[in-house]
Amino acid sequence: MQEKDELLGRLVYMDNAATSRPAPEVVEAMTMVLCEEYGNPSSLHKMGARAQKLVEEARKSLASEIGAASEEIYFTSGGTEANNWAILGTVRAGARRGKHIVSTAVEHPSVLATLDDLSRHGFDITLVGVDKHGLVNPASVLEAVRKDTVLVSVMLVQNEIGTIEPCQEIGRILLSLGPRRPRFHVDGVQAFAKLPIDVRTWGVDLLSASAHKIHGPKGIGMLYVRKGLKLPPLVFGGGQEKGMRSGTENVPGIAGFGTACRLWSKDREKVMERLAGLRKRLVEGIMDVAPDAVLHGQSPDEHGQASAAPHIVHFAFPGYRGESLLHALEEQGVFVSTGSACSSHKSKPSPVVLAMGHSEEEALSSIRFSMSRYTDQEDIELTVEAVESSLESLRAWRRKPARRGKH
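All values reported here derive from a predicted model rather than from experimental measurement.

Conventions and cut-offs
Within any chain, residue numbers begin from 1 and follow the written order of that chain's sequence. The predicted origin of the model limits local features to residues at a pLDDT of at least 70 and limits the giving and counting of side-chain atom pairs to 80 or more, whereas totals for whole chains, interfaces and linings rest on all residues. Calculation of side-chain values draws on the structure's entire complement of heavy atoms; hydrogens and water are dropped beforehand. Secondary structure follows DSSP: runs of H or I at least 4 residues long count as helices, runs of E at least 2 residues long count as strands, and numbering of each begins at the N terminus. Here the term buried applies to any residue with accessible area under 20% of the maximum for its type, exposed to any over 50%, and partly exposed to those in between, with areas from a 1.4 Å probe on protein chains only. Should any heavy atoms of two residues lie within 4.5 Å, those residues are considered in contact. Only the protein chains shown count as cover for residues, and the accessible areas themselves come from Shrake-Rupley with a 1.4 Å probe. Think of it this way: Lys and Arg go in the positive column, Asp and Glu in the negative one, and His and the chain ends go nowhere. Where a charge lies is defined by one atom per residue type: Lys uses NZ, Arg uses CZ, Asp uses CG and Glu uses CD. Any two strands between which DSSP finds at least two bridges are classified as paired. Axes here refer to lines fitted to C-alpha atoms; in helices the fit is confined to the stretch in contact. Angles between the N-to-C directions go from 0 to 180 degrees. Throughout this description, the term nonpolar core refers to a set of buried Ala, Val, Leu, Ile, Met, Phe, Trp, Tyr and Cys residues connected via side-chain atoms within 4.5 Å. By definition, turning the near helix anticlockwise from the far helix through less than a right angle yields a left-handed crossing, and turning it clockwise yields a right-handed one. Three categories are distinguished: nonpolar for Ala, Val, Leu, Ile, Met, Phe, Trp, Tyr, Cys and Pro, charged for Asp, Glu, Lys and Arg, and polar for the others, with Gly belonging to the last. Any carboxyl oxygen of Asp or Glu within 4 Å of a side-chain nitrogen of Lys or Arg constitutes a salt bridge here. We call a crossover right-handed when, viewed with the strands running away from us, the connection from the first strand over the helix to the second turns clockwise. Our arc is simply the arc of the directions from the helix axis toward the C-beta atoms. Under the rule applied, a polar contact is a pair of N or O atoms within 3.5 Å (in protein, one hydrogen donor and one hydrogen acceptor; residues adjacent in sequence only if both atoms are side-chain atoms).

For the protein chain, the count of helices and strands is 13 helices and 12 strands. Overall, the protein chain is about 75 × 55 × 55 Å in size when its C-alpha atoms are taken along their principal axes. A buried classification covers 53% of the 407 residues belonging to the protein chain. In the protein chain, 74% of the contacts between residues at least 6 apart in sequence involve partners at least 24 apart. Carbon and sulfur atoms make up 53% of the accessible area of the protein chain, which amounts to about 19000 Å² in all. Distance between charge centroids for the protein chain: 6 Å, based on 49 positive and 50 negative side chains.

See the structure below:
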């Protein structure tokens, strides 16, 4: 692999929405814990106490990112577990109140698969549609809420197309319904630490996040649970995490998560502003070399600005298969994806693109480019060049005459 990489020259990783490279500071923090502070946080001796201190320091850092109290943060194995826990815990706690859940048609598979399973066990699921930009209308969410609705679950940044959903407005609308309002869960995996979030003013009851999307390690996530909210655990055992999520804490992962979070808190605005500029250049560059390409998720607000996360760009290339273009780009040293990493091995068209009203053919021709804090101008220029070269090579391949078999 190393010899091939050297032949390709500089590699451009544009699949950061799938996972991101751990920051050097994160690796250093985790290595220290693995080698020196490897005690069990539940142990009563000094090594256990030091490990527990590391856990609590990370918990505090995560809480500060969303305007929460540290005691409202619970560690999980990742975003999928956090989403599952938020939904399943809520329906168990509110079983007497009702069996209706409201979500959207463009949620992550970890949400939609959970809802699909609940629908087979007597729950009524309403999936609110989106417009051509992938944006959900808060009024439509409110219209879907009923007296027996126990949960509303909406992701903040759509993981494939990057649309920023109006969670702040949805939360405030739900708050106006009074104390018997449904709980509000936000899948914040693609937004946490990158975009400003305030769970208090937004009226968020539950929020999920994952470390490996922000240059932290894989295998560690979190769920914010508003204080006073009853949420039954999914994992039982020794009573860790105040009895809410049993199992020996992943201290290296937690320390890495906290370090990654603190890294973003220092320069988030600067980094995201720079990424917004890179996103603009990437969009313009691709449109220049591929005029027929269709940009997904560009949703102007009342000020004419795009309601899209700076780090995600999603294009359809009509007439081409997304998978073929992905491999052609890989040959040029540029790594992208055809959609959510959780479903990228499936040959079905993206349900997100279909939900936006696009054709199956367009959905199958889509490519996601996603950036990180380490993406720079050269990465963008190399990506644009690779798109142009890849499309040309695919066109040339089409023009080749088919070989005739011998008779």
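From this point, the narrative continues.
In space, the seven strands of this open sheet follow the order E2-E8-E7-E6-E5-E3-E4, with mixed pairing throughout. One side of each edge strand has no neighbouring strand; the edge strands of this open sheet are strand E2 (73–76) and strand E4 (124–128). Between one strand axis and the next, the sheet turns through 20° on average, direction left out of account. Two strands pair when backbone bridges link them, and E2 and strand E8 (residues 221–225) are joined in this way by four bridges, in the antiparallel orientation. Counterpart to Ile73 in the pairing with E8 is Tyr224. Against the sheet, helix H5 (residues 109–119) touches strand E3 (100–104), E4 and strand E5 (149–155), its axis set at about 150° to E3.

Let us now look at the nonpolar core. Core analysis: the biggest nonpolar cluster contains 90 residues, and Ile66, Phe192, Phe257, Phe317 and Phe369 have the highest contact counts within it. Considering every element that reaches this core, the biggest residue donor is helix H9 (residues 251–289), with 15 residues. Dropping the residues within four chain positions of it, Phe257 is found in contact with Leu62, Phe75, Phe192, Ala209, Ser210, Ala211, Ile214, Pro217, Ile220, Gly221 and Met222.

This brings us to the packing of helix H4 (residues 79–93) against H5. One can describe the packing of H4 onto H5 by two numbers: an axis separation of 9 Å at closest approach and a directional angle of 30°. Classified by chirality, the crossing of H5 by H4 is right-handed. Mapping the contact onto sequence places Thr80, Asn83, Asn84, Ile87, Leu88 and Val91 in H4 and Ser110, Val111, Thr114, Leu115 and Leu118 in H5. For the contact of H4 with H5, the per-class residue count stands at six nonpolar, five polar and no charged.

Turning next to the pattern of salt bridges. Enumeration over the complete set of coordinates arrives at 17 salt bridges. Glu241 is the partner of Arg59 in a salt bridge, and the nearest nitrogen-oxygen pair spans 2.9 Å. Within this pair, whereas Arg59 is found in helix H3 (residues 46–66), its partner Glu241 is found in the loop between E8 and H9, the two being separated by 182 residues in sequence. With relative accessibility at 7%, the residue Glu241 sits in the buried group. With a closest N to O distance of 2.6 Å, Glu65 and Arg268 form a salt bridge. Of the two residues, Glu65 sits in helix H3 while Arg268 sits in helix H9, which places them 203 residues apart along the sequence. Side by side, Glu65 and Arg268 carry an identical accessibility label, which is buried.

This next bit is on the pairing of E4. As judged from the five bridges shared by E3 and E4, these two strands associate in the parallel manner. Note on E4: the bridge partner recorded for Ile101 is Ile125. Handedness of the crossover joining E3 and E4 through H5 is recorded here as right-handed.

What follows is about the sheet that holds strand E12 (residues 366–370). Ordered in space as E9-E10-E12, the three strands form an open sheet in which the pairing is antiparallel. Two strands in the sheet have a free side with no partner beyond their single neighbour: strand E9 (294–296) and E12. Ignoring strand direction, the axes of neighbouring strands in this sheet form an average angle of 30°. Here strand E10 (residues 312–316) pairs with E12 via five bridges, running antiparallel.

Quick look at helix H7 (residues 167–175) now. Three or more residues of H7 are buried, namely Cys167, Ile170, Gly171 and Leu174. One face of H7 carries all of its buried residues, which in axial projection span an arc of 100°. Tucked inside the fold, the buried residues of H7 contact helix H6 (138–144), E5, strand E6 (183–187) and helix H8 (199–202).

Here we take up the side chain of Arg181. In this fold, Arg181 is placed in the loop between H7 and E6. Among the polar contacts made by the side chain of Arg181, one reaches the side chain of Asp205 at a distance of 2.9 Å. Aside from chain neighbours lying at most four places away, what touches Arg181 is Arg97, Leu174, Leu175, Gly203, Asp205 and Arg226.

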